[in-house]
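A structural walkthrough
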Amino acid sequence: MRRDSRLSSVLHVLLHMAEGEEPMTSEKLAECMCTNPVVVRRTMGLLREAGIVASARGHAGGWRISTDLHAVTLRDLHQVLGEPAVFAIGNRNETPDCLVEQVVNAALDQAFTDAEALLLERFAHVTLASLAADFSRRHAARRPQKG
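Residues numbered from 1 in each chain as written. Predicted model: local features only at pLDDT ≥ 70, side-chain atom pairs only at ≥ 80, totals over all residues. Heavy atoms only, no water.

Our next topic: the nonpolar core. Ranked by size, the top nonpolar core spans 26 residues in total, and within it Leu14, Met17, Met44, Leu47 and Leu77 carry the most contacts. Going through the elements one at a time, helix H1 (6-19), helix H2 (26-33), helix H3 (37-49), strand E2 (62-65), helix H4 (74-80) and helix H5 (99-123) are the ones with two or more residues in this core. The element best represented in this core is H1, accounting for 6 residues. Excluding anything up to four places from it in sequence, Met17 contacts Met24, Leu29, Met44, Val53, Trp63, Arg64 and Ile65. (Core = buried A, V, L, I, M, F, W, Y, C linked by side-chain atoms within 4.5 Å. Buried < 20%, exposed > 50% of the residue type's maximum accessible area, 1.4 Å probe, protein only. Helix = DSSP H or I, 4+ residues; strand = E, 2+ residues; numbered from the N terminus. Contact = heavy atoms within 4.5 Å.)

This is how it looks when you write it as structure tokens:
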């Protein structure tokens, strides 16, 4: 089963944007992500509709963050992306009349529901600002010390 890495990709792009002063083009963001600019534009369009980013055309154009980083959580971004499934595993549903399948699915459903609720609750407490601060701290720690 294929994993949905859009949330990770969006966070990656937004953190690159947060570090820079100038707008970033779709081409530059695609380069950061090793993907196609069309994919970037499609995803950034969702973020623009949610008021998280803005875009400008022309020579000095590109994408920029248009909201306070403290106001955007991972949960918000998960919602913007259409609330994709958070787990790549799921129930077997080939024989819904099978009692064994029913028992197994009932047990797994509750575990999946509980785990997803816990994860989304955690997402609600992680802001873009906290990720940007963590990145800045790690980046500063990697810089060679002068002296």
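Moving on to the environment of Gly90. As for its position among the elements, Gly90 is in the loop between H4 and H5. Judged by its relative accessible area of 48%, Gly90 is partly exposed. Each C-alpha atom of the pair Gly90 and Gly51 lies 33 Å from the other, and the pair is 39 residues apart in sequence.

A few words on unusual backbone geometry. A positive phi angle is found at Cys34, which is not glycine, with a value near 55°. One non-glycine residue, Glu83, lies in the positive phi region at around 50°. Examined against the element boundaries, Glu83 turns out to sit in the loop between H4 and H5. By relative accessible area, Glu83 is classed as partly exposed at 42%.

Here we come to the pairing of strand E1 (residues 53-56). Taken together, the 4 bridges between E1 and E2 define a ladder with antiparallel strand orientation. Of the residues in E2, the one forming a bridge with Ser55 is Trp63. Here E1 folds back onto E2 in antiparallel fashion, the turn holding 5 residues, of which Gly58 has a positive phi close to 100°. (Pairing = 2+ DSSP bridges.)

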